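Here are the chains, one letter per residue:
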Amino acid sequence: MTVSGPGTPEPRPATPGASSVEQLRKEGNELFKCGDYGGALAAYTQALGLDATPQDQAILHRNRAACHLKLEDYDKAETEASKAIEKDGGDVKALYRRSQALEKLGRLDQAVLDLQRCVSLEPKNKVFQEALRNIGGQIQEKVRYMSSTDAKVEQMFQILLDPEEKGTEKKQKASQNLVVLAREDAGAEKIFRSNGVQLLQCLLDTGETDLMLAALRTLVGICSEHQSRTVATLSILGTRRVVSILGVESQAVSLAACHLLQVMFDALKEGVKKGFRGKEGAIIVDPARELKVLISNLLDLLTEVGVSGQGRDNALTLLIKAVPRKSLKDPNNSLTLWVIDQGLKKILEVGGSLQDPPGELAVTANSRVSASILLSKLFDDLKCDAERENFHRLCENYIKSWFEGQGLAGKLRAIQTVSCLLQGPCDAGNRALELSGVMESVIALCASEQEEEQLVAVEALIHAAGKAKRASFITANGVSLLKDLYKCSEKDSIRIRALVGLCKLGSAGGTDFSMKQFAEGSTLKLAKQCRKWLCNDQIDAGTRRWAVEGLAYLTFDADVKEEFVEDAAALKALFQLSRSEERSVLFAVASALVNCTNSYDYEEPDPKMVELAKYAKQHVPEQHPKDKPSFVRARVKKLLVAGVVSAMVCMVKTESPVLTSSCRELLSRVFLALVEEVEDRGTVVAQGGGRALIPLALEGTDVGQTKAAQALAKLTITSNPEMTFPGERIYEVVRPLVSLLHLNCSGLQNFEALMALTNLAGISERLRQKILKEKAVPMIEGYMFEEHEMIRRAATECMCNLAMSKEVQDLFEAQGNDRLKLLVLYSGEDDELLQRAAAGGLAMLTSMRPTLCSRIPQVTTHWLEILQALLLSSNQELQHRGAVVVLNMVEASREIASTLMESEMMEILSVLAKGDHSPVTRAAAACLDKAVEYGLIQPNQDGE
């Protein structure tokens, strides 16, 4: 018996009463051969749902295993193969497939047992013998590696833990080697088995920064993507001990602990993706329980006195990443509900803490923003009104507990908490504002003589001003108060915040030129003062951040935009502030840049609707004359000269919760505006814009990812992709580009994605394989039928480049499809560029797959006319492609050559063969030489 390869599903003879199962299996086999592994999997799954015999079930399970191997889902491949083996213990094909899956999962000891069984069942099978030899070599290599590292691990720990060891350089080298060793699975396993976690605990206990960093980074390698080692590590070190490291004063150690805890969260959530499963693999754990223990400790850390502000921020960051669902399609939000019940008050306590003067809890300028983001994500993760009502009730009870009976300090704390909610889940903030006495206290405290009280009240007023429910109340009652504070206060910290409140209220009309809240010139005066404060480096970054907030609102006005981009000092100060530790400024910076580049969504109103609205005396939005395209292009040029790309690249690299999905969308919009003009793209690439766009295209809102992907497409079309995205980055570009092929994207986005993929497909086979893996081919084929000629042409060009891959050639060679017919017909179209693309694809395919040559006459009766028209074209490139197709057909079969020579083709080839020494002449001459060789024609007396 000869076993099929891992990607070859097996047919079996039909059995009575199983026609539907058999039909679905055959359908799955055909889909598999065409490379549609997902479709094949669906067909096999459907067949399993019918009344299949045990023998049928075994075959279907092992066919499903083959699909999962192709899809690189090795866990599922192992499961399906095991199910087939349960039905038939001697199923050699299922055993072989399971061994392949186990090998990919790193479980070599189990894989070799399956292969030994295969060889015992079929001793003469060379495939099994070769696989067994290969895996045996891998096991020997692993044993050698493990034994060679034994002494090294022991030696490294001896150096690190030796109190007599005075050589700092020696200790540093040992710690670096330990971290490097832990990055490899085999090394991490060796450290773990060598009592490594206990020894690393000793390093942590030293309190020395360098040793603690080495220990934490080594633990990252041990726990990475390995659930059982993670649980064992937490058991040895103690969850409380690991979490407490976040709170140390050393920023580097706190960040390293944050990274370790993130890895632990991922391992507990995802389980083992790779790594060796030795004895510790037998530990039976409940990941949900371990997750809750970790999260519970993080929540406790939030309100613990003595924890550093940086540590508190890191704890909030971890909770933001770990608690809410990754996708709203996941129905289970139980973790969010548990955190709200157990820890909402603790999060609100951080959100209501004052930075100046310092309170019991140490917080940073970013702590309250991080708390707001966490609260917002928790609220957004709720599924029904009852869950949201519970959230509101808990928030209101907490605010009341401080507002009532706690004196002035309690009221300040309550108002600060309301501000935190307004910046996060604003529905909860609005509800809190409506509590008895809260808004009145805010207005009253704005007139306080104490700066810290004024600061809290004015900030609450500003955050409330952006909420629709309160804006009218504040416009009526707060504008005069804010103006008085701005004019009369002697403290810049108060004046700048009052100014932002005025800016916010003054921008209520957005980009509508006809709806201005303040008198002519007022917004320009406010903007000028904002720029003045922004450029004053004597003011601390936290206060200058409010100047940027003001500009983010005022730059809705085109006059303000024009003055802002002309102010080089203000732009420089803005970009410097975006790079500072004051991360809460990022959203305001991004908002101001979106306004300056007009990269928000704007649709020209329908003229008929405008006339109708005027007739009905309805308000009609008006665009500012300085928001016309020529002004926008000029502003973009000035921003590029000022260094906007470098500043945005730094913003994208920020590892902070402040870089929210909404903030990422704003940056994506600005990048798209910056690359709109072809001549500007080189500047964007040179300053690192290409690299920054990749993470924006892979994470964030759907709109933001699409905008970033479109910017990537524009760069890929007009520049050398290998230089724009050096190294491995070029492969990361493929997925965002393929996402633009979906039907929910615009025609322009489809076209630009196809053009970009065409460029990538022409670079290397590895890139073509990446495009195939992202399942782009069916979408590209769909666009080959598009009515829009440019999209149809781009899709055909892309398919022409992809045709260099074996898998695509197999699709054209498969029976029962019209792919070849479409290329032949497109080669006869009037659109010369479409002709060129289709003829190039034909030339490529007929060269690589000679069997296709005999099918060309079968796909259409006009094939001969189309080829003749190519050879008679005035375009030499089209002539050459046509000549190559004809040459391939002549060389493929004497019968086809005979048909060609009996037509006018021979006369055309004779004329072309007499031309100068061009590629067309050589191809035509080669056709005639082959015809002579076949004996179909004879040379004349001159030997021609």
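Criteria and cut-off values
Residues numbered from 1 in each chain as written. Predicted model: local features only at pLDDT ≥ 70, side-chain atom pairs only at ≥ 80, totals over all residues. Heavy atoms only, no water. UniProt positions renumbered as here; feature names shortened; annotations may be inferred. Helix = DSSP H or I, 4+ residues; strand = E, 2+ residues; numbered from the N terminus. Phe/Tyr/Trp six-rings, centres within 6.5 Å; stacked < 30°, edge-to-face > 60°. Buried < 20%, exposed > 50% of the residue type's maximum accessible area, 1.4 Å probe, protein only. Lys NZ or Arg CZ within 6 Å of the ring centre and 35° of its normal. Salt bridge = Lys/Arg side-chain N within 4 Å of Asp/Glu carboxyl O. pLDDT = per-residue confidence, 0-100. Contact = heavy atoms within 4.5 Å. Axes fitted to C-alpha atoms, helices over the stretch in contact; angles between N-to-C directions. Parallel < 35°, antiparallel > 145°, perpendicular 65-115°, else oblique.

Draft legend 1. Representation of the UniProt feature "repeat: TPR" (unreviewed entry) in the protein within the structure. The feature "repeat: TPR" (unreviewed entry), as given by UniProt, occupies residues 92-125 in the numbering adopted here. For residues 92-125, the helix share is 79%, the strand share is 0%, and the end-to-end C-alpha distance is 11 Å.

Draft legend 2. Layout of the packing of aromatic side chains. Applying the stated criterion across every chain, the model contains three aromatic pairs. Between Phe32 and Tyr37, the ring centres sit 5.0 Å apart and the planes meet at 65 degrees, which makes this aromatic pair edge-to-face. Both residues of the pair, Phe32 and Tyr37, belong to the buried class. Ring geometry for Tyr96 and Phe128: centres 5.3 Å apart, planes at 50 degrees, overall tilted. Placement of the pair is Tyr96 in helix α5 (residues 92-104) and Phe128 in helix α7 (residues 126-161), with a sequence separation of 32 residues. In this structure, Tyr96 and Phe128 share a single accessibility class: buried. Here Arg545 stacks its cationic end above the ring of Trp546, 4.6 Å away from the centre of that ring.

Draft legend 3. A look at the pattern of salt bridges. Across all of its chains, the model carries 46 salt bridges by this definition. When the shortest N-O distance is used, the salt bridge between Arg98 and Asp114 registers 2.7 Å. A residue pair is termed long-range when its members are at least 10 positions apart, and Arg98 in helix α5 and Asp114 in helix α6 (residues 108-121) qualify at 16 residues. Of the charged contacts in the structure, one is a salt bridge between Lys806 and Asp810, with a shortest N-O distance of 3.0 Å. Of the two residues, Lys806 and Asp810 both sit in helix α46 (residues 806-813), four residues apart, roughly one turn of that helix. For Lys806, a relative accessible area of 53% puts it in the exposed group. Overlapping salt bridges, with partners in common, bring together Lys561, Glu562, Asp627 and Arg635 in one network.

Draft legend 4. Layout of the confidence of the model for the protein. Per-residue pLDDT for the protein averages 83, and the proportion of residues at 70 or more is 87%. Ranking the elements of the protein by mean pLDDT puts helix α24 (residues 468-477) last, at 56, and helix α41 (residues 734-739) first, at 94. Per-residue pLDDT stays below 50 along residues 12-19; that stretch engages in nine contacts with residues further than four places along the chain or on separate chains. Confidence drops under pLDDT 50 across residues 271-284; counting only partners more than four residues distant or on other chains, this segment forms 37 contacts.

Draft legend 5. Spatial organisation of the packing of helix α50 (residues 863-871) against helix α51 (residues 876-892). Where α50 contacts α51, the two axes come as close as 7 Å, and the packing angle between them is 135 degrees. By the angle between their axes, α50 is oblique relative to α51. Residues Trp863, Leu867, Leu870 and Leu871 of α50 pack against Leu878, Gln879, Gly882, Ala883, Val885, Val886 and Met889 of α51.

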